[in-house]
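# Tertiary structure, described
The primary structure of each chain is shown beneath.
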Amino acid sequence: MSQLSVQDIKIEDYNYPLPDERIARHPLAERDKCKLLVRDSHGNISEHLFADIAALLPSDSILVYNNTRVINARMRFRKGDGGALIEIFCLEPVSPVDYAVNFASTRECSWLCFVGNSKRWKQGVLTQKVTVGEIEITLTAERTGREGNASVVRFSWDDDNVTFSDVIGAVGEIPIPPYLNRSTEESDSTDYQTVYSHIDGSVAAPTAGLHFTPEVLDRVSQRGIPRRELTLHVGAGTFQPVKSDSIGEHEMHSEFIAVERNLIAELADTSRQVIAVGTTSVRTLESLYHIGWTGEVPQWYPYSEDHPRLSAAEALHCIVDALDRDGLSTLVGDTRIIIAPGYEFKIVKGIITNFHQPQSTLLLLVSAFVGGNWRDMYDFALERDFRFLSYGDASLLLP
């Protein structure tokens, strides 16, 4: 399918009725006891338990998941004594721009943020007292610029022994998805993290991974299936609906990715089927191919007909060679890739994913992978009382 044809796709064709009661507000008590829809390579659909997924994976698989960890990105300040409540939602670091360095910052740092109740905070500094461990600090927030519909906010505090990671850990809260239509609860600090998360940076969880437990991961390894990890820090744009009639008018958000050189080399040479856990892992892995031959991932260029037809191995080896020339052990960059019907998958051979919102880019990705036959899967799930969205049930899609 040509680039123009893909851009002409009508988002209304990716709508379906999702009753409110089918949206899971909380996860199951045992995260691996959720339902699992399996769509096999022949298009057959069946129902299983997620706890049994190790036995359902092809024996020649390699499992790749996103190790990002959700940060306490939502902070609330009160303007003056008893004044307006201002919500600051941290999106991505501005200064220092590196996530790890920013989280380790003392005294000050800046982030790109959404500001709630923005009209009530046009100027001035917001201040609050915060207790970090046994240390009381004064935390301030000041708007220093704008980028689109977001603001650059400079945070500062008065103790060299306190890092920004300490600050948001003390004052912030986990930003659960807006469609859950409830406030963050203490349980979300655990429930909304994968068991393998350890790289801080996301403002939303890679939710397909929420179903894994240490026991399930052990069973995967016992089958001789390698487990590998990469990083994509999920941005708030993941919840952004497609508001235009055709997807060509939708601007994809940019997200940070990091993939170790050794994993890229392994993927270049493996004969195993790459099974991606979640759409974030899919987007990262597929972005590698395009980075290999362009050095970047423009939103629509994967659909262009004027690029060289490299094999996946050739493209990945291009990245490895470039990293080796520069003495780097990790590819760090960003991606704006949009995967929609007409996309040709280069690396991913199977996907583990949840059930997504109507008219979302995530549903477009699923449709692209299953050759447009997403409705049969979603009708099956709706008829059999599957739970939907972030805390809902899962699916395993095989080529």
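Scroll up for the structure.
What this report covers is the structure whose coordinates are included nearby.

Conventions used here
- Residues numbered from 1 in each chain as written.
- Predicted model: local features only at pLDDT ≥ 70, side-chain atom pairs only at ≥ 80, totals over all residues.
- Heavy atoms only, no water.
- Helix = DSSP H or I, 4+ residues; strand = E, 2+ residues; numbered from the N terminus.
- Buried < 20%, exposed > 50% of the residue type's maximum accessible area, 1.4 Å probe, protein only.
- Salt bridge = Lys/Arg side-chain N within 4 Å of Asp/Glu carboxyl O.
- 1 Å grid on protein atoms, 1.4 Å probe; cavity = no way out; pocket = protein on both sides within 12 Å on 5 of 7 lines; lining within 4 Å.
- Points joined across faces, edges and corners; volume = space filled by probe spheres on them.
- Nonpolar A, V, L, I, M, F, W, Y, C, P; charged D, E, K, R; others polar.
- Phe/Tyr/Trp six-rings, centres within 6.5 Å; stacked < 30°, edge-to-face > 60°.
- Polar contact = N/O pair within 3.5 Å; in protein donor to acceptor, adjacent residues only side chain to side chain.
- Contact = heavy atoms within 4.5 Å.
- Disulfide = S-S within 2.5 Å.
- Patch = residues over 30% accessible without salt bridge, like charges linked within 9 Å, V, L, I, M, F, W, Y side chains within 5 Å.
- Areas by Shrake-Rupley, 256 points an atom, 1.4 Å probe, with all protein chains shown as cover.
- Lys, Arg positive; Asp, Glu negative; His and termini not counted.
- Charge placed at Lys NZ, Arg CZ, Asp CG, Glu CD.
- Arc of directions from axis to C-beta.
- Pairing = 2+ DSSP bridges.
- Axes fitted to C-alpha atoms, helices over the stretch in contact; angles between N-to-C directions.

### Notes on unusual backbone geometry
Following Ser95, the chain continues into Pro96 via a peptide bond in cis, with omega recorded as -10 degrees. You can see Pro96 is positioned in the loop between strand E6 (85-95) and helix H3 (99-103). Positive phi is not limited to glycine here, since Arg107 has a value of about 80 degrees. Mapped onto the fold, Arg107 is located in the loop between H3 and strand E7 (108-116). At Asp385, a position not held by glycine, the phi torsion is positive, near 60 degrees. Examined against the element boundaries, Asp385 turns out to sit in the loop between helix H11 (374-383) and strand E17 (394-397). By relative accessible area, Asp385 is classed as exposed at 54%.

### What to know about the pattern of salt bridges
Going through the model one piece at a time under the given rule, you end up with 20 salt bridges. Residue Arg25 pairs with Asp20 through a salt bridge whose shortest N-O separation is 2.5 Å. In this structure, Arg74 and Glu87 form a salt bridge, with 3.2 Å as the shortest nitrogen-oxygen distance. Linking Arg74 in strand E5 (residues 74-78) with Glu87 in strand E6, this pair joins segments that are 13 residues apart in sequence.

### Focus: empty space enclosed by the protein
A full pass over the atoms with the stated rule returns two cavities of 30 Å³ or more. Approximately 120 Å³ is the volume attributed to the second largest cavity. For the lining of the second largest cavity, the residue count by class is seven nonpolar, five polar and two charged.

### Overview of the packing of aromatic side chains
Applying the stated rule across the entire model yields 27 aromatic pairs. With a centroid separation of 5.2 Å and an interplanar angle of 65 degrees, the aromatic rings of Tyr16 and Tyr378 are classed as edge-to-face. Of this pair, Tyr16 sits in the loop between helix H1 (3-7) and strand E1 (35-39) while Tyr378 sits in helix H11, and the two are 362 residues apart along the sequence. For the pair Tyr16 and Tyr378, a shared accessibility class is recorded, and that class is buried.

### As for the side chain of Thr353
Looking at the element boundaries, Thr353 is found in strand E16 (residues 348-354). Residue Thr353 is classed as buried on the basis of its relative accessible area, which comes to 1%. Within polar-contact distance, the side chain of Thr353 engages the side chain of His356 at 2.7 Å. Once residues within four sequence positions are removed from consideration, Thr353 is found in contact with Ala208, Thr279, Val366, Ala394, Ser395 and Leu397.

### As for the state of the cysteines
Considering all chains together, one arrives at zero disulfides under this definition. Cysteine Cys113 is unpaired, with the sulfur of Cys90 as its nearest cysteine sulfur at 4.1 Å.

### A closer look at a negative patch on the surface
On the surface, a cluster of negative charge is made up of Glu12, Asp13, Asp245 and Glu249. Mapped onto the secondary structure, Glu249 falls in the loop between strand E12 (227-232) and strand E13 (255-260). Assessed through its relative accessible area of 62%, Glu249 is described here as exposed.

### Observations regarding helix H6 (residues 214-222)
For H6, the set of buried residues is Val216, Leu217 and Val220. Angular distribution of buried residues about the axis of H6 spans 100 degrees; they occupy a single face of the element. Of the surrounding elements, those touching the buried residues of H6 are helix H2 (53-56), strand E3 (61-66) and E12. Positioned one or two residues after H6, Gly224 has a phi angle of 80 degrees, which is positive.

### Some points on the sheet that holds E17
Strand order in the open sheet made by the nine strands is E2-E1-E17-E16-E14-E3-E12-E13-E15, with mixed pairing throughout. Strands at the two margins of the open sheet, each flanked by one partner only, are strand E2 (45-49) and strand E15 (330-335). Between one strand axis and the next, the sheet turns through 25 degrees on average, direction left out of account. Pairing analysis gives four bridges linking strand E14 (residues 273-277) to E16, with the strands arranged parallel. Its bridge partner lying in E16, Ala276 is registered against Ile351. Helix-sheet contacts for helix H7 (residues 261-269) involve E3, E12, E13, E14 and E15, and the interaxial angle to E13 is about 75 degrees. Across the sheet, helix H10 (residues 361-369) is in contact with E16 and E17; its angle to E16 comes to roughly 140 degrees.

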